[in-house]
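Listed below are the residues making up each chain.
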Amino acid sequence: GSPFDYRSAALIAVPEDIPEPGAPGYAKAVAAAIVEISLALKDRVLVLFTSNSALENARKAVSGPLQAAGIRVLAQGTDGSPHRVMRALAETQAAVAMGAQSLWEGVDLGGQAFRRNGPGEGNAAGASIKALLMARLPFPVPTEPIVAARSELYEDGFNEYMVPEAVMRFRQGFGRLIRSRSDRGAFVVLDRRILTKQYGQAFQRSLPRCTVRRVSMAELGDTVRRWNAGDEL
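Quick look at the structure, then. Residue numbers here run from 1 along each chain, matching the order of that chain's written sequence. For a predicted model such as this one, the threshold for reporting local features is a pLDDT of at least 70, and the threshold for listing and counting side-chain atom pairs is 80 or more; totals across whole chains, interfaces and linings nevertheless cover every residue. Where side-chain values are given, they derive from all heavy atoms of the structure, hydrogens and water being excluded.

Turning our attention to the packing of aromatic side chains. In this analysis, rings of Phe, Tyr and Trp, with Trp reduced to its six-membered ring, are considered paired at centre separations within 6.5 Å, and the interplanar angle assigns stacked below 30 degrees, edge-to-face beyond 60, and tilted for intermediate values. Taken as a whole and judged by the stated rule, the model has 11 aromatic pairs. Relative to tyrosine 6, the ring of phenylalanine 4 has its centre 5.8 Å away and its plane inclined at 90°; by these criteria the two rings are edge-to-face. For every residue, the accessible area obtained with a 1.4 Å probe (protein chains only) is divided by the maximum for its type, and the residue is called buried under 20%, exposed over 50%, and partly exposed between those limits. For tyrosine 6, a relative accessible area of 14% corresponds to the buried category. Measuring from centroid to centroid gives 6.3 Å for tyrosine 199 and phenylalanine 203, while their planes differ by 70°, and the two rings are edge-to-face. For the residue pair tyrosine 199 and phenylalanine 203, the accessibility class agrees, reading buried in each case. Three or more aromatic residues joined by ring pairs make a cluster, and in this case those are Phe4, Tyr6, Phe139, Phe158, Phe170, Phe174, Phe187, Tyr199 and Phe203.

All right, on to helix α6 (residues 157–174) then. Secondary structure elements are defined from DSSP: runs of H or I of at least 4 residues count as helices, runs of E of at least 2 residues count as strands, and each element is numbered from the N terminus. Helix span, as expected, comes to 1.5 Å for every residue beyond the first. Compared with an ideal rise of 1.5 Å per residue, which puts 18 residues at 26 Å, α6 spans 25 Å between its outermost C-alpha atoms and is within 8% of the ideal. Note that bend, as reported per residue, equals the angle between axes fitted to the 7 residues terminating at that residue and the 7 residues originating from it. Remark: the principal bend of α6, roughly 30°, maps to valine 163, with a proline, proline 164, within the next four residues. Inspection of α6 places Gly157, Tyr161, Met162, Val163, Ala166, Val167, Phe170, Gly173 and Phe174 among the buried residues, and these make up the whole buried set.

Contact geometry for helix α2 (residues 26–41) and helix α9 (residues 220–229): axes closest at 8 Å, N-to-C directions at 35°. Relative to α9, the crossing made by α2 is right-handed. Here Ala33, Glu36, Ile37, Ala40 and Leu41 of α2 come into contact with α9, specifically with Leu220, Gly221, Asp222, Val224, Arg225 and Asn228. Any residue outside Ala, Val, Leu, Ile, Met, Phe, Trp, Tyr, Cys, Pro, Asp, Glu, Lys and Arg is labelled polar, Gly included; the first ten of those are nonpolar and the last four are charged. Residue classes in the contact of α2 with α9 are distributed as 6 nonpolar, 2 polar and 3 charged. Axis angles are defined between N-to-C directions and span 0 to 180 degrees, where every axis is a line fitted to C-alpha atoms and, for a helix, only to the segment in contact. Rotating anticlockwise by less than a right angle from the far helix to the near helix defines a left-handed crossing, while the corresponding clockwise rotation defines a right-handed one. By definition, residues are in contact when any of their heavy atoms lie within 4.5 Å.

It is worth spelling out the pattern of salt bridges at this point. Whenever a carboxyl oxygen of Asp or Glu lies within 4 Å of a side-chain nitrogen of Lys or Arg, that contact is scored as a salt bridge. Applying the stated criterion to the full structure yields 7 salt bridges. Here glutamate 16 and arginine 214 are joined by a salt bridge, their closest N and O atoms 3.7 Å apart. One end of the pair, glutamate 16, is in the loop between β1 (10–15) and α2; the other, arginine 214, is in strand β7 (residues 211–215), and 198 residues separate them in sequence. For glutamate 16, a relative accessible area of 40% gives the class partly exposed. With a closest N to O distance of 2.6 Å, aspartate 222 and arginine 225 form a salt bridge. Of the two residues, aspartate 222 and arginine 225 are both situated in helix α9; the distance of 3 residues between them amounts to about one turn of the helix. What you see here is one network of salt bridges that share partners, running through Asp222, Arg225 and Arg226.

Burial along strand β5 (residues 131–134) is two-sided: the residues Ala131 and Leu133 and Leu132 and Met134 are all buried. For two strands to be treated as a pair, DSSP must find no fewer than two bridges joining them. Here 4 bridges tie strand β2 (residues 45–49) to β5, and the two strands are oriented parallel to one another. By the bridge assignment for β5, valine 47 is matched with leucine 133.

A few words on the packing of α2 against helix α3 (residues 52–68). Relative orientation of the contacting elements α2 and α3 amounts to 35°, with a least axis distance of 9 Å. The interaxial crossing formed by α2 with α3 has right-handed handedness. Residue-level contacts link Ala31, Ile34, Val35, Ser38 and Leu39 of α2 to Ala58, Ala61, Val62, Pro65 and Leu66 of α3. Of the residues assigned to the contact of α2 with α3, the class counts are 9 nonpolar, 1 polar and no charged.

Among buried residues, those of type Ala, Val, Leu, Ile, Met, Phe, Trp, Tyr and Cys that are joined through side-chain atoms within 4.5 Å constitute a nonpolar core. Core analysis: the biggest nonpolar cluster contains 36 residues, and Ile34, Phe49, Val96, Met98, Leu133, Val188 and Leu220 have the highest contact counts within it. Here this core takes 9 residues from α2, the largest share from any one element. In contact with isoleucine 34, other than residues within four places in its own chain, are Val47, Phe49, Ala58, Val62, Leu66, Val96, Met98 and Leu133. Residues Leu74, Val85, Val167 and Ile178 belong to the second largest nonpolar core, which totals 35 residues.

In structure tokens, the structure reads:
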């Protein structure tokens with residue numbers, strides 16, 4: 001069992017009209033979703049990517065409009081290590097942090113590392129993420145030698161190896177959102193394959209029972225804002 005009441009703490013939102021990964025307009029739609037949600041909340045947002053190139057492209061696309069609105073943009077690599085990025089996010093309320101690989105797990109926003117504040121540092125204890133965005137389902141790269149070799153051990157390498165690996169990573173990513181009984185936030189999956197593909201059911205079943213909404217891209221920011229405000233959806 002879990003100590004958290006996920007149904008009242010976590011919203012899962014999936015935009016039904018976002019292009020699939022790799023399709024024309026997908027990267028632009030991801031950037032638009034990051035901007036819309038960040039502007040709607042003006043609070044801590046974490047965005048998880050499966051590649052450094054996708055992260056960097058999104059960072060370039062969102063930095064201008066978000067910084068013009070007074071929202072700090074933090075990116076793993078550009079702004080330092082995962083620990084440094086998460087520390088900066090904990091100490092800045094209106095901020096969006098973007099990460100890949102190691103930010104899917106590990107450094108905790110509310111961890112002890114952020115409770116010992118030095119001179120001039122904000123009080124990050126009790127900081128929480130209000131929206132967690134996942135750019136795409138975290139499938140392993142099939143051409144990587146280790147992935148290719150392990151896939152060959154199975155009769156159906158995709159469904160028997162790659163899907164379970166991606167589901168495990170997916171659950172790890174989701175786990176970044178609710179870290180205490182007082183946390184409340186939205187988990188936004190920017191990959192509609194979770195709805196349209198047969199393997200999407202495995203990802204859906206891997207999550208605890210949360211409040212779930214299928215929305216349009218136009219409704220995304222307002223839906224996340226109203227959830228965090230405690231309004232009825």
